[in-house]
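A structural walkthrough
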Amino acid sequence: MTLVPVREIAKLIDHALLHPTLTDNELRAGCQLALTYDVASVCIKPHAVLLASDLLSGSTVRVGTVIGFPHGSTTTSLKVIETIQACRDGAVEIDMVVNIGKVFSEDWPYITDEIRSVRYACQTYGAILKVIFETDFLTSDALKIRLCEICTEVGVDFVKTSTGFGFVKDQAGKYGYEGATEHDLQLMLDHVGPGIHVKASGGIRTLDDLLTVHKMGVARVGTSSTETIINEAYQRFGLPDSTMITAPIVDLNSY
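Please read all numbers here as calculations on a predicted model, not as lab measurements.

Now for the packing of aromatic side chains. The full count for this structure, using the stated rule, is 1 aromatic pair. Pairing Phe 69 with Phe 165 gives two aromatic rings, centres 5.7 Å apart and planes at 80°, and the pair type is edge-to-face. One end of the pair, Phe 69, is in the loop between strand E3 (62–67) and helix H4 (76–89); the other, Phe 165, is in the loop between strand E6 (158–160) and strand E7 (168–169), with 96 residues separating them in the sequence. Phe 69 gets classed as partly exposed once you look at its relative accessible area, which sits at 25%. Over the ring of Phe 158 we find Lys 130, and its NZ or CZ is 5.7 Å from the ring centre.

To continue, consider the sheet that holds strand E4 (residues 93–97). A barrel is described by the order of its strands in space; here 8 strands give the closed sequence E1-E2-E3-E4-E5-E6-E9-E10, paired in parallel fashion. Each strand of the sheet is rotated relative to its neighbour by a mean of 25°, with strand direction disregarded. Pairing between E4 and strand E5 (residues 128–132): 5 bridges, direction parallel. When the bridges of E5 are listed, Asp 95 appears paired with Lys 130. In this fold helix H2 (residues 24–37) packs onto strand E1 (13–17) and strand E2 (41–44), with an angle of close to 170° to the strand it touches most, E1.

What follows is about the nonpolar core. Membership of the largest hydrophobic core comes to 67 residues, with the highest contact counts inside it found for Ile 94, Ile 115, Leu 129, Val 131, Phe 133, Val 156 and Val 159. Not counting residues within four places of it along the chain, the set of residues in contact with Val 159 comprises Val 131, Phe 133, Cys 151, Met 188, Val 192, Ile 196, His 197, Val 198 and Lys 199.

Let us now look at the side chain of Ser 41. Mapped onto the fold, Ser 41 is located in strand E2. Leave out the neighbours within four places in its chain, and Ser 41 touches Ile 13, Asp 14, His 15, Val 61, Arg 62, Glu 93 and Arg 220.

On to the pattern of salt bridges. Tallied over the full model, the rule gives 19 salt bridges. Ionic pairing is found between Asp 95 and Lys 130, a salt bridge with its closest N-O pair at 3.4 Å. Taken as a pair, Asp 95 in strand E4 and Lys 130 in strand E5 lie far apart in primary sequence, 35 residues in all. Lys 130 gets classed as buried once you look at its relative accessible area, which sits at 1%.

For the rest of this paragraph, the subject is helix H10 (residues 226–237). When the terminal C-alpha atoms of H10 are compared, their 16 Å separation across 12 residues agrees well with the 16 Å that a helix rising 1.5 Å per residue should span. Those residues of H10 lying buried are Thr 226, Ile 229, Ile 230 and Ala 233. One side of H10 carries all its buried residues, which in axial view fall inside an arc of 95°. Just beyond H10, the residue with positive phi is Gly 238, at close to 60°.

Quick look at the environment of Val 92 now. For Val 92, the location among the structural elements is in the loop between H4 and E4. Taking the C-alpha atoms as reference, Val 92 lies 8.4 Å from Thr 65; in sequence the two are 27 residues apart. The residues touching Val 92, leaving out its near neighbours within four places in the chain, are Arg 62, Val 63, Ala 127 and Ile 128.

Where helix H6 (residues 108–125) meets helix H7 (residues 141–154), the closest approach of the two axes is 10 Å, and the angle between their N-to-C directions is 40°. Between H6 and H7, the crossing angle belongs to the class labelled oblique. Between H6 and H7 lies a crossing whose hand is right-handed. In contact with Trp 108, Ile 111, Thr 112, Ile 115, Arg 116 and Arg 119 of H6, H7 contributes Leu 143, Arg 146, Leu 147, Ile 150, Cys 151, Glu 153 and Val 154.

Our focus in this paragraph is the confidence of the model for the chain. Of the residues in the chain, 91% have a pLDDT of 70 or more, and the chain-wide mean is 91. Across residues 240–255 the pLDDT falls below 50, and counting only partners more than four positions away or on other chains, this stretch makes 27 contacts in the model.

Quick notes on the rules
Residues numbered from 1 in each chain as written. Predicted model: local features only at pLDDT ≥ 70, side-chain atom pairs only at ≥ 80, totals over all residues. Heavy atoms only, no water. Phe/Tyr/Trp six-rings, centres within 6.5 Å; stacked < 30°, edge-to-face > 60°. Helix = DSSP H or I, 4+ residues; strand = E, 2+ residues; numbered from the N terminus. Buried < 20%, exposed > 50% of the residue type's maximum accessible area, 1.4 Å probe, protein only. Lys NZ or Arg CZ within 6 Å of the ring centre and 35° of its normal. Pairing = 2+ DSSP bridges. Axes fitted to C-alpha atoms, helices over the stretch in contact; angles between N-to-C directions. Contact = heavy atoms within 4.5 Å. Core = buried A, V, L, I, M, F, W, Y, C linked by side-chain atoms within 4.5 Å. Salt bridge = Lys/Arg side-chain N within 4 Å of Asp/Glu carboxyl O. Expected span 1.5 Å × (residues − 1). Arc of directions from axis to C-beta. Parallel < 35°, antiparallel > 145°, perpendicular 65-115°, else oblique. Left-handed = near helix turned anticlockwise from the far one by under 90°. pLDDT = per-residue confidence, 0-100.

Written as structure tokens, this is what we have:
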């Protein structure tokens, strides 16, 4: 008997190693954890892509990183340079934050050019592109829908809710964030074109969180709670039959 269903849960996870305080030893430990649980990928800080590529070499765990992180404010040319460097260092998945101010300005030609330029760099190196909307900032559904339309037009691989660092100040002056909400995920699922997947990131901390969004049709989740989620899966399901996961699993070999 094999652990195929739990492995399928693991293959929905991009293990996030993005907190600014993470040390080199913590990044190494995070990559080892990703190997132990055989997740889909690590999403690691750009300076550590070479490290991750070395540690994960020969495994099925893919190396991903972030571009224009966390606020998307760098120029398009710098985002392209970041992407090229990351790919040369071994990244095969690129999570890019859009220029959020330009989204609010509804400067759609700029946004289209930005996404298309980074997409071209990804294609050149055989990497996939996930575009991060930072949905906590985008209170207007119309802006999110337009981003979905542009991502469909350009042909990105994933649209993604959040960085996990999109903190919004409330009336009391305190900062917080929601991350991936069911409302935003459903909106994205409803407005991207065929073949474009949705990644939920921010606030996915438990097995139930993961199963809920996966049932909706979400293909990946970004989380730093990988160990908690996988251990919950073993405790709950043990050695379940292969029907536990019923929504389609993304075959990245098709990219």
